[in-house]
Amino acid sequence: MNTAEKFPIGVFDSGYGGLTVLKEFVETLPEYDFIYLGDNARAPYGNRSFETVYEFTFACVQQLFNMGCRLVVLACNTASAKALRNIQQNDLQNMDAALRVLGVIRPTTEIAGKISITKHIGIFATAGTVVSGSYPIEIKKFYPEVKVFQEACPMWVPLIENNEHSKPGANYFVKQHIDNLLNQSGEIDTIILGCTHYPLLMNKIKQFLPENIQLISQGEIVANSLKDYLMRHPEIENRCSKNSILKFYTTDSTEIFDTHASFFFGKEVQSEFMNSDITF
Ligand code: DGL
């Protein structure tokens, strides 16, 4: 490839959740160009097997590479937990050496360990992320003294995707998971929202969470981490295109995507369709 060619940064999620991360990328790095791809046709990923999440994620990452991206962020915890390592350690080894894929779990854990005073951290995430053990594993690497407690919240993504998350019906499912997590330890002082959908439930969760517990949402943390990454890698940063252009793609109906996406992104979005039957 032409080394002088500039590229947009790819942002991938199973559907809408990654838009809460992209929103912070745009805020923190406004001059950069981004391409967002939501695999809505195959979302949610939360309860799917390792193999399936890896297969879907890698296909979408390749699609973003095909569109010119050289750096892709998996703005999805489930994909970061179940596919990132395989892509980084196996697939990228056989591809153009300039290609990079980053996830959202490591930057989040680096910050959470610093925030917690009691060194007892709770995680709310999809079943897939919880079962992968990625959060406890990553936290242990940086903060071996920290105790990690996890709670899978399988109903939260459907509540959000069906726009039921602010309504009274959501109270039961929110309170139930808060109770389950806090029953595991009375010393938890920091909770990570380990799913990019969950920032939409922030207010509802705060309603039932004791005030002394800090709730960490990932968007800003991951945006600062991307900024830092670009500063530490001038060879990549120099090749990022900077025209403030945002493009959105979905593997399902663009009409449905555009209606829902604005809740997550905070602004109107106009998407284009991309086929999910990606064959290479
Ligand atoms: N937004 C995804 C995450 O961060 C979860 C949504 C899904 O289950 O596909 O884990």
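What counts as what
Residues numbered from 1 in each chain as written. Predicted model: local features only at pLDDT ≥ 70, side-chain atom pairs only at ≥ 80, totals over all residues. Heavy atoms only, no water. Pairing = 2+ DSSP bridges. Helix = DSSP H or I, 4+ residues; strand = E, 2+ residues; numbered from the N terminus. Axes fitted to C-alpha atoms, helices over the stretch in contact; angles between N-to-C directions. Near = heavy atom within 4 Å. Polar contact = N/O pair within 3.5 Å; in protein donor to acceptor, adjacent residues only side chain to side chain. Areas by Shrake-Rupley, 256 points an atom, 1.4 Å probe, with all protein chains shown as cover. 1 Å grid on protein atoms, 1.4 Å probe; cavity = no way out; pocket = protein on both sides within 12 Å on 5 of 7 lines; lining within 4 Å. Sits in = over half its atoms within 2 Å of the grid points. Nonpolar A, V, L, I, M, F, W, Y, C, P; charged D, E, K, R; others polar. Phe/Tyr/Trp six-rings, centres within 6.5 Å; stacked < 30°, edge-to-face > 60°. Buried < 20%, exposed > 50% of the residue type's maximum accessible area, 1.4 Å probe, protein only. Lys NZ or Arg CZ within 6 Å of the ring centre and 35° of its normal.

Engineer: Where do I start with the sheet that holds strand β1 (residues 9-13) in this structure?
Structural biologist: Strand pairs in the sheet, formed through backbone hydrogen bonds, run parallel or antiparallel to each other. The strand order β4-β3-β1-β2-β9-β10 describes an open sheet built from 6 strands, whose pairing is parallel. At either end of the open sheet lies a strand with only one pairing partner, and these are β4 (100-102) and β10 (271-273). Across this sheet, the average inter-strand angle for adjacent strands is 25 degrees, counted without regard to direction.

Engineer: Is there a simple way to think about the site of the ligand in this case?
Structural biologist: Neighbouring residues of the ligand: 13 residues in total, closest S14, Y45, G46, N77 and T78. Between the ligand and Y45, the relevant distance is 2.6 Å, taken from an oxygen atom to a main-chain nitrogen or oxygen of the residue. Between the ligand and the protein, one listed contact pairs a nitrogen atom with a side-chain N or O atom of H197 at 3.0 Å. Burial of the ligand by the protein chains amounts to 99% of its free accessible area of 300 Å². Mapping the ligand onto the cavity grids shows that it belongs to the second largest pocket. Its residues placed into classes, the shell around the ligand shows 5 nonpolar, 7 polar and 1 charged.

Engineer: Is there a simple way to explain the packing of aromatic side chains in this structure?
Structural biologist: If you walk through the whole model with that rule in mind, you get 13 aromatic pairs. Seen from their ring centres, F124 and W156 are 4.9 Å apart, and the 55 degrees between their planes marks the pair as tilted. You can see F124 sitting in strand β5 (residues 120-125) and its partner W156 sitting in helix α8 (residues 156-161), a full 32 residues away along the chain. Their ring planes at 70 degrees and their centres at 5.4 Å tell us that F248 and F265 sit as a pair that is edge-to-face. Of this pair, F248 sits in strand β9 (residues 246-250) while F265 sits in helix α13 (residues 254-265), and the two are 17 residues apart along the sequence. On the basis of relative accessible area, F248 is assigned to the buried category, the value being 6%. Clustering of aromatic rings is evident, with ring pairs tying together Y16, Y36, F248, F257, F264 and F265. Sitting above the plane of the F56 ring, R42 keeps its charged end 4.0 Å from the centroid. Here the guanidinium or amino end of K82 rests over the ring plane of F50, the centre of that ring lying 5.0 Å away.

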